[in-house]
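# Close look at the chain arrangement
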Amino acid sequence: MASLLPANVKFRKVHKGRNRHRATSGSVLSFGDFGIQALERGLLSASQLEAARVAINRHLKRRGKVWMRVFPQKPVTRKPAETRMGQGKGAVEFWAVVVRPGNVLFEVSGVSPTLAREAMRLADGKVPFECRFLSREERERF
């Protein structure tokens, strides 16, 4: 199983940056009837994102349609253990998504609300921050 990573990037390594403010775009349901929305900020690795997607698909058993609203585009670098300081930046360890409060991570349609809620609960267990269930009927903004 191949990990999620961009086909090509302009720069191989990027600055760490700061994860501030709330999500402005990608904070409302756009495609599906139900979704999962991040309540905290953090980095979501490609393997965590894939684990959440697999959990949703396994629970839905090929019913409905699933949209993944985020994609890992940030390379995270690490230096090897017990390495002296200096000698440049470390190698790319994994790819990650910068998640802000309000980002919708996954959307689902074509299934019952109880089935969607349980699938999103399973996906919430795979991500390293707290999330909440969204539905199109409630239509409340973060």
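This is a predicted model, so every value here is computed, not measured. (Residues numbered from 1 in each chain as written. Predicted model: local features only at pLDDT ≥ 70, side-chain atom pairs only at ≥ 80, totals over all residues. Heavy atoms only, no water.)

Attention now moves to the pairing of strand β1 (residues 34–38). Across the 5 residues of β1, 5 count as buried, placing the element largely inside the fold. Burial along β1 is two-sided: Phe34, Ile36 and Ala38 and Gly35 and Gln37, pointing in opposite directions, are all buried. Here 5 bridges tie β1 to strand β7 (residues 131–135), and the two strands are oriented antiparallel to one another. The residue bridging Gly35 from the neighbouring strand is Leu134, located in β7. (Buried < 20%, exposed > 50% of the residue type's maximum accessible area, 1.4 Å probe, protein only. Helix = DSSP H or I, 4+ residues; strand = E, 2+ residues; numbered from the N terminus. Pairing = 2+ DSSP bridges.)

So, about the sheet that holds strand β2 (residues 42–45). The 3 strands lie next to each other as β2-β5-β4, forming an open sheet whose pairing is antiparallel. Sheet topology places β2 and β4 (74–78) at the edges, where each strand pairs with a single neighbour. With direction set aside, neighbouring strand axes in the sheet form an average angle of 50 degrees. Pairing analysis gives 4 bridges linking β2 to strand β5 (residues 91–99), with the strands arranged antiparallel. Note that in β5 the partner of Gly42 across the bridge is Val99. (Axes fitted to C-alpha atoms, helices over the stretch in contact; angles between N-to-C directions.)

This brings us to the sheet that holds strand β6 (residues 104–109). The strands that make up a sheet pair up through hydrogen bonds in the backbone, lying either parallel or antiparallel. Spatially, 4 strands are ordered β3-β6-β1-β7 in an open sheet, and the strand pairing comes out antiparallel. Looking at strand neighbours, the two that pair on one side only are β3 (65–68) and β7, the edges of this open sheet. Ignoring strand direction, the axes of neighbouring strands in this sheet form an average angle of 20 degrees. This element, helix α1 (residues 46–60), spans β3 and β6 of the sheet and lies at about 15 degrees to β6. Against the sheet, helix α2 (residues 113–124) engages β1, β6 and β7, with an angle of about 30 degrees to β1. (Contact = heavy atoms within 4.5 Å.)

Turning our eyes to something else, we now look at the nonpolar core. By size, the foremost hydrophobic cluster in this structure holds 26 residues, and its most contacted members are Ile56, Leu105, Phe106 and Phe129. For this core, the secondary-structure elements that each account for two or more residues are β1, α1, β5, β6, α2 and β7. The residues contacting Phe106, other than those within four sequence positions of it, are Phe34, Gly35, Ile36, Leu49, Ala52, Arg53, Ile56, Val66, Trp67, Met68 and Met120. (Core = buried A, V, L, I, M, F, W, Y, C linked by side-chain atoms within 4.5 Å.)

Moving on, we come to the pattern of salt bridges. Considering all chains together, one arrives at 4 salt bridges under this definition. Among the ionic pairs, Glu50 bridges to Arg53, the shortest N-O distance being 2.5 Å. Pair noted here: Glu50 and Arg53 are both in helix α1, with a separation of 3 residues, about one helical turn. Glu50 sits in the buried class, given a relative accessible area of 12%. (Salt bridge = Lys/Arg side-chain N within 4 Å of Asp/Glu carboxyl O.)

Moving on, we get to the side chain of Asn103. Following the sequence through the fold, Asn103 ends up in the loop between β5 and β6. We classify Asn103 as buried; its relative accessible area is 12%. Of note is the side chain of Asn103, whose polar atom sits 2.8 Å from the backbone nitrogen of Arg100. Those residues in contact with Asn103, other than ones at most four positions away along the chain, are Ala23, Ser25, Gly26, Ile36, Gln37, Ala38 and Val98. (Polar contact = N/O pair within 3.5 Å; in protein donor to acceptor, adjacent residues only side chain to side chain.)

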